Amino acid sequence: MTATDKKITIIYFVLFFISALFFFDVIRIDMEDKTKLYPVFISGEPAEMPAIEERLNEVNAALCSSTKEGQKVVRLAVISILQHKADDAGGNGLVDVMTRYGKHPDLNENCQFGVAVSGVAVRFAD
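All values derive from a computational prediction rather than experimental measurement. (Residues numbered from 1 in each chain as written. Predicted model: local features only at pLDDT ≥ 70, side-chain atom pairs only at ≥ 80, totals over all residues. Heavy atoms only, no water.)

Visitor: An account of the nonpolar core is requested, with residue identities and associated values reported.
Guide: By size, the foremost hydrophobic cluster in this structure holds twelve residues: V59, A61, V74, V78, I79, L82, A86, L94, V97, V115, V117 and A121. Of all elements in the fold, only β2 (52-65), α2 (71-88), β3 (93-101) and β4 (113-124) reach the threshold of two or more residues within this core. If one sorts the elements of this core by residue count, α2 sits on top with five residues. In contact with A61, other than residues within four places in its own chain, are V78, I81, L82, K85, V115, A116 and V117. (Core = buried A, V, L, I, M, F, W, Y, C linked by side-chain atoms within 4.5 Å. Buried < 20%, exposed > 50% of the residue type's maximum accessible area, 1.4 Å probe, protein only. Helix = DSSP H or I, 4+ residues; strand = E, 2+ residues; numbered from the N terminus. Contact = heavy atoms within 4.5 Å.)

Here is the structure:
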């Protein structure tokens with residue numbers, strides 16, 4: 001075994017050991033979503049809604065999905081973006097959330113499976 005082979009073997013085992021520490025959560029990278037849990041009320045779905053203190057402004061966002069099946073996951077991501085926009089506007093919830101699928105002016109013209117979500121940012125009474 002040459003000196004180069006020994007170095008490669010040592011590097012391999014060091015990297016293997018480090019990856020094992022990550023795999024068994026000895027070393028952990030915190031990648032949890034710190035998004036506040038806002039109430040989101042979808043249009044047409046009955047729900048007991050708290051009193052709205054103030055209606056702020058309409059928020060909307062759109063993202064592109066690579067497949068038709070992926071649109072459901074992308075929709076959840078777009079609603080999360082709306083929650084951040086509601087937070088920036090001073091709200092603590094969303095009402096009248098509506099979803100549209102297909103082409104959208106904010107998206108690339110090659111996007112076949114676009115997901116556009118809009119809603120109204122509100123501040124609910126505590």
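Picking up where we left off.
Visitor: So, the pairing of β4: which residues are in play, and what are the values?
Guide: Along β4, ten of the twelve residues are buried, which leaves the element largely enclosed by surrounding structure. Looking at chain direction, β2 and β4 are connected through eleven bridges and run antiparallel. Across the sheet, the residue bridging to L63 is V115, located in β4. (Pairing = 2+ DSSP bridges.)

Visitor: Please set out the pattern of salt bridges residue by residue, giving values where relevant.
Guide: Applying the stated criterion across every chain yields a total of two salt bridges. Taking the shortest distance from any N to any O, the salt bridge between R123 and E54 comes out at 2.5 Å. Note that R123 is positioned in strand β4 and E54 in strand β2, a separation of 69 residues in sequence. On the basis of relative accessibility, which here comes to 26%, the residue R123 falls in the partly exposed class. On the accessibility criterion, E54 (36% relative accessible area) is partly exposed. (Salt bridge = Lys/Arg side-chain N within 4 Å of Asp/Glu carboxyl O.)

Visitor: Let's hear about the confidence of the model for the protein chain: which residues, and what values?
Guide: Within the protein chain, residue pLDDT values average 81, and 85% of them lie at 70 or more. Ranking the helices and strands of the protein chain by mean pLDDT puts helix α1 (residues 3-23) first, with 90, and strand β1 (residues 40-42) last, with 67. (pLDDT = per-residue confidence, 0-100.)

Visitor: Outline the packing of aromatic side chains, listing residues and values.
Guide: Under the definition given, this model contains three aromatic pairs. Between the aromatic rings of Y12 and F16, the centroid separation amounts to 6.4 Å while the plane-to-plane angle is 20°, which identifies the pairing as stacked. Note that Y12 and F16 are positioned in helix α1 at a spacing of four residues, about one turn of the helix. Ring centres of F23 and F24 lie 4.9 Å apart, and the angle between their planes is 85°; on these two criteria the pair is classed as edge-to-face. Through pairs of rings, three or more aromatic residues link up here, namely Y12, F13 and F16. (Phe/Tyr/Trp six-rings, centres within 6.5 Å; stacked < 30°, edge-to-face > 60°.)

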